[in-house]
Amino acid sequence: MKYLALVLVACSTPKPAAQPAASVRPVNHCAAVADRLLAIYGELRHKAPEPAMATAYHEVVVERCTQDEWPVAAQDCIVAPNADVDACTGKLTPEQRASFAEAAQAKLNAAGTAATH
C-alpha cells in the first residue's frame, strides 16, 4: 500500500510548465562571408584591394549581412569553395541587395576619399 501511495503521489505531482521556445536567430557567418568576398575580389583582380577599401568593404558586408539578416543559405553559398557569387546573391531579397549596394557605395566612396587625402 505504501508503494501505491508513492506512485500516486509521483504521478499526481504537477510537471513544470514547458518553457516557450526561445526565438532562434539564424546562424551568422557574416565575417566569413566578407572574408570570402574579399578573397574572390582578389582572385578576379589578381591583387588584393587597398587596405582602406578592404576594411570598408569588410565592414559593410558584415553590417548589412547582420542587420538585414541575410539567409543562412546565401551565407553558406558564398563561403563555399568555388561559389558562384551571382547565384549566391540571388538568394538575397531585392531589398537586401539594394540595401547592401547603397551602403557599400557610400562606405567605399568615403574610404576612397579618405585614402586620397
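See the structure printed just above.
Residues numbered from 1 in each chain as written. Predicted model: local features only at pLDDT ≥ 70, side-chain atom pairs only at ≥ 80, totals over all residues. Heavy atoms only, no water.

## Structural notes on the overall build of the protein
So, point 1. If you tally the helices and strands in the protein, you get 6 helices and 0 strands.
So, point 2. Sequence-ordered secondary structure for the protein, helices as α and strands as β, is α-α-α-α-α-α.
So, point 3. Taking all 117 residues of the protein together, the buried fraction comes to 25%.
So, point 4. Within the protein, counting contacts between residues at least 6 apart in sequence, those at least 24 apart form 70% of the total. (Helix = DSSP H or I, 4+ residues; strand = E, 2+ residues; numbered from the N terminus. Buried < 20%, exposed > 50% of the residue type's maximum accessible area, 1.4 Å probe, protein only. Contact = heavy atoms within 4.5 Å.)

## Let's talk about helix H2 (residues 30-45)
So, point 1. Here H2 spans 22 Å end to end across 16 residues, near enough to the 22 Å set by a 1.5 Å rise per residue.
So, point 2. Taken together, the buried positions of H2 are occupied by Cys30, Val33, Ala34, Arg36, Leu37, Leu38, Ile40 and Gly42.
So, point 3. In the core, the buried residues of H2 are packed alongside helix H3 (51-67), helix H4 (72-79) and helix H5 (85-89).
So, point 4. Backbone geometry just after H2 places His46 at a positive phi near 60°. (Expected span 1.5 Å × (residues − 1).)

## Digging into unusual backbone geometry
So, point 1. Phi at Glu69 is positive, roughly 50°, even though this residue is not glycine.
So, point 2. Of note, Glu69 is situated in the loop between H3 and H4.

## Describing the side chain of Arg36
So, point 1. Along the chain, Arg36 turns up in helix H2.
So, point 2. Not counting residues up to four positions away in its chain, the partners in contact with Arg36 are Glu43, Ile78, Val79, Ala80, Pro81, Asn82 and Ala83.

## Side note on the nonpolar core
So, point 1. Counting residues in hydrophobic clusters, the biggest one holds 17 residues, and the most contacted among them are Val33, Val61, Trp70 and Phe100.
So, point 2. For this core, the secondary structure elements donating two or more residues are H2, H3, H4 and helix H6 (94-116).
So, point 3. The greatest single-element share of this core, amounting to 4 residues, is contributed by H2.
So, point 4. When residues no more than four places from it in sequence are discounted, the contact partners of Val61 are Cys30, Val33, Ala34, Leu37, Trp70 and Phe100. (Core = buried A, V, L, I, M, F, W, Y, C linked by side-chain atoms within 4.5 Å.)

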